[in-house]
Every structure is written in C-alpha cells, then in structure tokens.
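The chain contents come next:
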Amino acid sequence: MIQRVIISLVTVLAALAPAALHAQTDPQLSQYYEVPSFYNPAAVGRTDFIRIRGGARLQWMGIERAPKTFVAVADMPMKLFGKRIGLGVAIDQETAGLYSTLNASAQLAYKINKLGGTWTAGVQIGLLDQGFKGSEVDMPDDDDYHESNDDALPRTDVHGSAVDFSAGIWYDHRLFYAGISCSHLSAPTVKLKADGDNGGDATTGTEQYFEFGSKRTLYFIAGGNIPLKNTLFDILPSVLVKSDFAFTTAEINARVRYNKFLTFGVGYRWNDAVIATIAAEYKNFFIGYSYDYATTAIAKASSGSHEVFAGYSLKLNLGDKNRNKHKSIRYM
C-alpha cells in the first residue's frame, strides 16, 4: 500500500511540470565528506594529488523507481603564473521515478594562505540536463484522484538542458576544514521538449513544452581530524547543512580511523535516516560503503539505502617553488 502511495506521489509531481516545478536537483549522499568538491567548487586542489572518487547510491531499496544516483569527481592542484589554483570536474546522473537528471561541470579555484590555513574561492560552470519519460506514464482512470487525459502531463519522452553556475569559499586548517557554497546560482529553468521533433502539439499545431526549475541551494560543510594522543586512532567528525530556502536539512557524522587505514562510523540525517559507514585506504586506493536506515514511515516499504564509493589518488610533484603546499587532513 505504501509503495502505491509513493508511486502515486511521483506521478502527481510529474503532473506539476508545466507549472515550472521547482525541486532540489542535487543528489543526497551519505559519504559527502569523500566528495566535498561535488558540493563546493572551492574544495578542489586541496592535496598534492590528482584525486578521483566515483560512486553509486541505491536509495529506498524495495520501492519501485526509487532514486538511483551515480557521482564522479576529480581534482588536482597546479600553479599558473606563480599563483596556486585548483582544477576539477564533477559529474552526476540520477533517475527518480520517470525523471532523469544529468549534471556535468568544470571547476576552478584560487588559493591563498592566511590566518594559519589555506583560503580558497571557487567557481563552477556546467550543463544541467533534465528528462521525463512521458511515454511510460500510466495514469489509472478508475479512481477520483487522477485524470487519465490530463493535458498538463507529457505523454512522450521530453528533455532539455540549461547552463548552470555554482560558487563557494573553503578554508583548510591543519586540524579542521569548513566551506560554504551555493549551487544553481542563476536558478536555471530547463524547458523540456519532445524528443525527435520541435516539441509541437500535432493536434493544435502550437509549440508545447514543460519546465523544470532548479532552486538555489546553500551548502555548509565542516569537519575535523582529532588525533587521540599515544594511539593510532583519529576521530573524524563532520556536518553537512543544506537549504533551498524552502526546505532545510542537516546531517552529522562521527567516524573513527585506525592507523590511517580503516575507518568506521555512524551518522544521523535529521528526520530522515541513521547511517552506518565503513571505509578503507591502502596505497592511495580507497573504498567506502554506507547504509542508511530510514527513521520515517518509508521504512515500512524499504529495506534501506546503499552507497558505495571508490577512488584513487595519484601523487604530483609540485616542485620546490610550492613552499606553502597544504595537504588535506585525510593524508596527515
């Protein structure tokens, strides 16, 4: 019963598309601390490595057409005209119900050393692509809650794209880091048109399109590295807060790392889920897994959410001129 209700809600949301549906288009990630540059373009080039991370998230297992997400990021430091900068790329692809979203972005950041740490300002430009499988819409006509002939709902596959911008500021200290950013700065609106033609209505001869609006979203990420004296253990707390000015949520995590090799921890996402995480690093290779158990009524229909990330870091030789180079606390 709950599954049918959720599927119906997805269909209702789809019906709102022509009214310029506004929604958070950024995926939910439990291991956000592994891909900070995905949320903040100023978090690129933090280490002396080419750092690559990629992962997948299967949300709300057991529910048909639940969100599925793939994310990949890569970044590196370099010097240009004697200035320290960071370069990065970020890609994510998500399907949820009949919707699909693809983001592909390039990132550039500028670094200076002040107040005992490294300050970074970063910008991001990318392409936001949205799609909706209208050909797979199945509207029941035997109840009082749906209109099977609703003209506001596309009955063919539609998609469209728009240019997207983000910006952020980041601070790295020997013992902690913090950053604030804003995604979808221009609040782009994607016009979805029918695939394979000009989006016209064959009946009326007029152009027909649907709109998807992306709201500006603020992110605050902070974390630390607290070594336990005379032990091989480090405590790695972190927090993520995000808001699109209509909806705000927060997540807090506490992880323990042993001998810079094995990490395990727990987390809590406000009014959503509890999280368990385990990860390992060996010779610049990384793999991490997290499991979310919902604390809301959705737990009655889902067995939970699974997320896996893997990555590799390639050491760079930045030369003797880089006297102020800074390593991420993950490698200290």
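Residues numbered from 1 in each chain as written. Predicted model: local features only at pLDDT ≥ 70, side-chain atom pairs only at ≥ 80, totals over all residues. Heavy atoms only, no water.

Asker: What am I meant to see in the overall build of the protein chain here?
Answerer: Counting secondary structure elements, the protein chain contains two helices and 18 strands. Classification of the 332 residues of the protein chain by burial places 45% in the buried group. For the protein chain, restricting intrachain contacts to residue pairs at least 6 apart in sequence, the fraction spanning at least 24 positions comes to 58%. As displayed, the protein chain offers around 16800 Å² of accessible surface, 63% of which is attributable to carbon and sulfur atoms. (Helix = DSSP H or I, 4+ residues; strand = E, 2+ residues; numbered from the N terminus. Buried < 20%, exposed > 50% of the residue type's maximum accessible area, 1.4 Å probe, protein only. Contact = heavy atoms within 4.5 Å. Areas by Shrake-Rupley, 256 points an atom, 1.4 Å probe, with all protein chains shown as cover.)

Asker: In this structure, what is going on with the side chain of Ser302? I would like to understand it.
Answerer: Residue position: Ser302 is located in the loop between strand 17 (285-294) and strand 18 (304-315). Only 3.0 Å separates the side chain of Ser302 from the backbone oxygen of Met61, close enough to count as a polar contact. Those residues in contact with Ser302 that lie beyond four places of it in its chain are Trp60, Met61 and Ile63. (Polar contact = N/O pair within 3.5 Å; in protein donor to acceptor, adjacent residues only side chain to side chain.)

Asker: Please clarify how the pairing of strand 10 (residues 210-214) should be interpreted in this entry.
Answerer: Looking along a regular strand, one sees the side chains alternate between the two faces of the sheet. Within strand 10, five of the five residues are buried, which leaves it mostly tucked inside the rest of the structure. Here strand 9 (residues 189-194) runs beside strand 10; their pairing, made up of four bridges, is antiparallel. Each residue of the ladder has a partner; that of Leu192, found in strand 10, is Phe210. (Pairing = 2+ DSSP bridges.)

Asker: Hey, could you run me through the pattern of salt bridges in this one?
Answerer: Inspection of the entire model under this criterion finds 11 salt bridges. Across the pair Glu34 and Arg51 runs a salt bridge whose closest N-O atoms are separated by 3.3 Å. With a gap of 17 residues between them, Glu34 in the loop between strand 1 (21-23) and helix 2 (36-39) and Arg51 in strand 2 (residues 49-61) connect regions that are remote in the sequence. By relative accessible area, which is 1% here, Glu34 ends up buried. Between Asp48 and Lys315 there is a salt bridge, with its nearest N and O atoms 4.0 Å apart. Taken together, the residues Asp48 in the loop between helix 2 and strand 2 and Lys315 in strand 18 connect sequence positions 267 residues apart. (Salt bridge = Lys/Arg side-chain N within 4 Å of Asp/Glu carboxyl O.)

Asker: Before we go on, may I ask you to explain the packing of aromatic side chains in this structure?
Answerer: Each aromatic ring pair is characterised by the separation of its centres together with the angle its planes make. Counted by the stated rule, this structure contains 11 aromatic pairs. Aromatic side chains Trp119 and Tyr171 sit 4.6 Å apart centroid to centroid with 45° between the ring planes, which places their arrangement in the tilted category. Placement of Trp119 in strand 6 (residues 117-133) and of Tyr171 in strand 7 (residues 157-172) is noted, with a sequence separation of 52 residues between them. The exposure class of Tyr171 is buried, given its relative accessible area of 10%. Clustering of aromatic rings is evident, with ring pairs tying together Phe38, Tyr39 and Tyr219. Above the ring of Tyr177, the side-chain terminus of Arg46 is found at 5.0 Å from the ring centroid. Taking the ring centre of Tyr33 as reference, the NZ or CZ of Arg255 above it sits at 3.7 Å. (Phe/Tyr/Trp six-rings, centres within 6.5 Å; stacked < 30°, edge-to-face > 60°. Lys NZ or Arg CZ within 6 Å of the ring centre and 35° of its normal.)

Asker: I tried to follow the side chain of Asp92 on my own but got confused; where do I start?
Answerer: Counting through the fold element by element, Asp92 comes out in strand 4 (residues 83-96). Of the buried charged residues, Asp92 lacks a salt bridge, with Lys242 as the closest side chain of opposite charge at 11 Å. Dropping the residues within four chain positions of it, Asp92 is found in contact with Pro27, Phe38, Phe70, Val71, Thr101, Leu102 and Asn103. (Lys, Arg positive; Asp, Glu negative; His and termini not counted.)

Asker: Hey, could you run me through the pairing of strand 9 in this one?
Answerer: As paired strands, strand 7 and strand 9 are joined by two bridges and run antiparallel to one another. Among the inter-strand pairings, Val158 is bridged to a residue of strand 9, identified as Ala194.

Asker: What's the story with the nonpolar core in this structure? I'm lost.
Answerer: If you look at soluble globular proteins, the nonpolar side chains tend to sit buried side by side. Within the largest apolar cluster, 19 residues are counted, with the highest numbers of intra-cluster contacts made by Leu29, Phe38, Tyr39 and Ile221. Elements with a contribution of two residues or more to this core: helix 2, strand 3 (68-80) and strand 11 (217-224). Phe38 has contacts with Pro27, Leu29, Val71, Val73 and Asp92, leaving out every residue within four places of it along the chain. (Core = buried A, V, L, I, M, F, W, Y, C linked by side-chain atoms within 4.5 Å.)

Asker: Help me out: how do you make sense of the environment of Arg257 in this one?
Answerer: Of note, Arg257 is situated in strand 14 (residues 248-258). When the C-alpha atoms of Arg257 and Pro227 are compared, they prove to be 9.3 Å apart, with 30 residues separating the residues in sequence.

Asker: Just checking my understanding: could you explain the confidence of the model for the protein chain for this structure?
Answerer: Detailed reading of the predicted coordinates is not advisable wherever pLDDT is low. When pLDDT is averaged across the protein chain, the result is 84; 79% of the residues are at 70 or more. Low pLDDT, under 50, characterises residues 1-23; the stretch is placed with 39 contacts to residues that sit more than four places away or in other chains. This stretch, residues 321-332, has a pLDDT under 50; its non-local contacts, to residues over four places away or in other chains, come to 44 contacts. (pLDDT = per-residue confidence, 0-100.)

Asker: Can you help me understand unusual backbone geometry in this one?
Answerer: For residues besides glycine, phi is generally negative; the peptide bonds are generally trans as well. With phi around 55°, Phe81 is a residue other than glycine that occupies positive phi space. Examined against the element boundaries, Phe81 turns out to sit in the loop between strand 3 and strand 4. Take Phe81: its relative accessible area is 78%, and that puts it in the exposed class. Positive phi is not limited to glycine here, since Asn230 has a value of about 65°.

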